[in-house]
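# Descriptive structure summary
If you want the building blocks of each chain, they are given just below.
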Amino acid sequence: MRITAIKLFILTTWIVNVIIAGGERMRNYLHYSDSDFTMSYQCDKIPNPDNFKMHTHAEYEFYYFVNGKGVFKIEGSRYPLESGDILIMAPTESHYIDLSADYPYTRLTIHFSPGIFGGIDKTGELLRPFTQREGGSFNLYRADDFATDAYKIFIKNILADTENRRLQTISN
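Residues numbered from 1 in each chain as written. Predicted model: local features only at pLDDT ≥ 70, side-chain atom pairs only at ≥ 80, totals over all residues. Heavy atoms only, no water.

### Comments concerning the overall build of the protein chain
- Within the protein chain one finds four helices and nine strands.
- Element order for the protein chain, N to C, with α for helix and β for strand: α-β-β-β-β-β-β-β-β-α-β-α-α.
- Taken over 172 residues, the protein chain has a buried fraction of 41%.
- Residue pairs at least 24 apart in sequence account for 67% of intrachain contacts in the protein chain once pairs closer than 6 positions are excluded.
- For the protein chain, the computed accessible surface area is about 9800 Å², with 56% contributed by carbon and sulfur atoms. (Helix = DSSP H or I, 4+ residues; strand = E, 2+ residues; numbered from the N terminus. Buried < 20%, exposed > 50% of the residue type's maximum accessible area, 1.4 Å probe, protein only. Contact = heavy atoms within 4.5 Å. Areas by Shrake-Rupley, 256 points an atom, 1.4 Å probe, with all protein chains shown as cover.)

### Quick look at the layout of surface pockets
- A volume near 260 Å³ is recorded for the second largest pocket.
- For the lining of the second largest pocket, the leading source of residues is strand β8 (residues 105–112), giving four residues.
- In the lining of the second largest pocket, the residues fall into six nonpolar, seven polar and three charged. (1 Å grid on protein atoms, 1.4 Å probe; cavity = no way out; pocket = protein on both sides within 12 Å on 5 of 7 lines; lining within 4 Å. Points joined across faces, edges and corners; volume = space filled by probe spheres on them. Nonpolar A, V, L, I, M, F, W, Y, C, P; charged D, E, K, R; others polar.)

### Details of the nonpolar core
- If you look at the biggest cluster of nonpolar residues, it comprises 21 residues, and the most contacted ones within it are F37, M39, F62, Y64, L108, I110 and F112.
- Judged by nonpolar contacts, the second largest core, of 13 residues, contains F72, I74, L81 and I97. (Core = buried A, V, L, I, M, F, W, Y, C linked by side-chain atoms within 4.5 Å.)

### Things to note about the side chain of E61
- Relative to the assigned elements, E61 resides in strand β3 (residues 60–67).
- Buried charged residue E61 carries no salt bridge. Nearest counter-charge: R107, at 8.0 Å.
- Of the polar contacts made by the side chain of E61, one reaches the side chain of H95; its length is 2.9 Å.
- Here the side chain of E61 touches H111 through a polar contact of 3.3 Å, side chain to side chain.
- Among residues more than four places away in sequence, those in contact with E61 are L87, I88, M89, H95, T109, I110, H111 and F130. (Lys, Arg positive; Asp, Glu negative; His and termini not counted. Salt bridge = Lys/Arg side-chain N within 4 Å of Asp/Glu carboxyl O. Polar contact = N/O pair within 3.5 Å; in protein donor to acceptor, adjacent residues only side chain to side chain.)

### Examining the sheet that holds strand β5 (residues 77–80)
- An order of β5-β4-β7 is seen for the three strands of this open sheet, with the pairing classed as antiparallel. The open sheet is flanked by β5 and β7 (95–99), the only strands paired with a single partner. This sheet shows a mean twist of 25° between the axes of neighbouring strands, independent of strand direction.
- Where strand β4 (residues 70–74) lies against β7, five bridges are found, and the strand directions are antiparallel. Bridge pairing in β7 links F72 to I97. (Pairing = 2+ DSSP bridges. Axes fitted to C-alpha atoms, helices over the stretch in contact; angles between N-to-C directions.)

### Comments concerning the pairing of β8
- The element β8 is largely enclosed, with a buried count of eight among its eight residues.
- Judged by which residues are buried, β8 turns out to be covered on both faces: Y105, R107, T109 and H111 on one side and T106, L108, I110 and F112 on the other are all buried.
- Sheet analysis places strand β2 (residues 37–44) next to β8, joined by eight bridges and oriented antiparallel. Paired with Y41 across the two strands is L108, which belongs to β8.

### Regarding unusual backbone geometry
- Although it is not a glycine, T92 adopts a positive phi angle of roughly 70°.
- Relative to the assigned elements, T92 resides in the loop between β6 (86–89) and β7.
- Its identity as a non-glycine residue notwithstanding, F138 has a phi of 55°, on the positive side.
- Among the structural elements, F138 can be located in the loop between α2 (128–131) and β9 (140–141).

What follows is the structure in structure tokens.
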């Protein structure tokens, strides 16, 4: 059996976060980062609400809520979460999640700079959902907001095993 660098990294991360830590702290199922792109797929078996403070990022954020129970707060707006919800945040949009500690909390987050699109989006069309709205408004997209389940295929594809995490995520 051939073990790729990505598989080795994921296995090592799992060993450190699950076995050594006794499975009680946050599990990083997947983490990738480079100069203008960071992706994390994480689960807190027993989330501590005190660990989720109001914050901002210099990057754009795509957030996919897998499970848990909580309310996401963005610039004063409240978004009660349901499994499968997607949230988007522009840079400097303050946000945090008010979580219940009684439910495991799993999510996928992608932070990216506009440079990730290189020369393919010179007009900023791909960033319009982030940039063409007031802060704290139109952040939430529910599963039934989409005409098809294509976004679920996107999520599944970016979490699939790959040699090139960046390319796989951007090209989906």
